[in-house]
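Analysis of the macromolecular model
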Amino acid sequence: MKIRLLPFLFAILALLSCETPTDYLEPGKDKKEGAAITNLEGTKWKVTSMIVGQEVSGVKNEADLFLIAENCSKDDLVHFNAGGNFIYDEGPTKCDPDAPQQESGTWSLSADKKKLTLTSNIINNTDSPIVYEAAIVNKNLTLTARETISMPNPAGGEIKMTIYTIMGFTPL
């Protein structure tokens, strides 16, 4: 039996070249699927990852802190309400019994729906607002914050380092 390799290779290349669909957030309604999957308001999101990393000269070092987090942190929820407020909920198991079950913050979405600004000490570890790149990929919410800093290079010129946080959420 003779196998035609060229059509098989083209089929594999076609499958590999398919892009993962990216949706941007729609406050209030979802125009694509008629469901609340890409709807920021009214959707509860469960935290599923928390990647922190740095990139220097194209070399990345990162770790998913969610993998080493205590189980009591792995059931936390974020619920975005209409009017620009959100609730961070400790979920069914709290790490600190004396800590509040819920804490609140504020959110706003950019006009192009690609950036989400969150003001919350519980998520940002600061009271200052942080702007995240926001997207829905395979129905999961991803928020990415980046900051690039420059420092002198002892060999001359400067070194740029990007520090980033990527948070992943699954809709409930």
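Residues numbered from 1 in each chain as written. Predicted model: local features only at pLDDT ≥ 70, side-chain atom pairs only at ≥ 80, totals over all residues. Heavy atoms only, no water.

**A short note on the nonpolar core**
- In terms of nonpolar packing, the biggest core is built from 20 residues, with Phe80, Phe86, Leu116, Leu118, Ile123, Leu143 and Phe169 touching the most fellow members.
- Looking at this core, the elements with two or more residues in it are strand 2 (44-56), strand 4 (77-80), strand 5 (85-89), strand 7 (115-119), strand 8 (130-137), strand 9 (140-152) and strand 10 (158-171). (Core = buried A, V, L, I, M, F, W, Y, C linked by side-chain atoms within 4.5 Å. Buried < 20%, exposed > 50% of the residue type's maximum accessible area, 1.4 Å probe, protein only. Helix = DSSP H or I, 4+ residues; strand = E, 2+ residues; numbered from the N terminus.)

**Details of the state of the cysteines**
- Considering all chains together, one arrives at one disulfide under this definition.
- Disulfide pairing places cysteine 72 opposite cysteine 95 at an S-S distance of 1.9 Å. An S-S torsion of about 100° defines the bridge between cysteine 72 and cysteine 95 as right-handed. Remark: cysteine 95 occurs in the loop between strand 5 and strand 6 (102-109) and cysteine 72 occurs in the loop between helix 2 (65-68) and strand 4; sequence separation between them is 23 residues.
- In this structure cysteine 95 comes out as partly exposed when scored by relative accessible area, which is 37%. (Disulfide = S-S within 2.5 Å.)

**Observations regarding the packing of aromatic side chains**
- Counted according to the given criterion, the structure contains two aromatic pairs.
- Taken together, a centroid distance of 5.6 Å and an interplanar angle of 45° make the contact between phenylalanine 80 and phenylalanine 86 tilted.
- Taking the relative accessible area as the measure of exposure, phenylalanine 86 reaches 0% and is therefore buried.
- Residues phenylalanine 80 and tryptophan 107 carry aromatic rings whose centres are separated by 6.0 Å and whose planes lie at 85° to one another, so their mutual orientation is edge-to-face. (Phe/Tyr/Trp six-rings, centres within 6.5 Å; stacked < 30°, edge-to-face > 60°.)

**Some thoughts on the environment of leucine 77**
- By the secondary structure assignment, leucine 77 is in strand 4.
- Linking leucine 77 and aspartate 89, residues 12 residues apart in sequence, is a C-alpha distance of 5.1 Å.
- Leave out the neighbours within four places in its chain, and leucine 77 touches Trp45, Lys46, Ile87, Tyr88, Asp89 and Leu172. (Contact = heavy atoms within 4.5 Å.)

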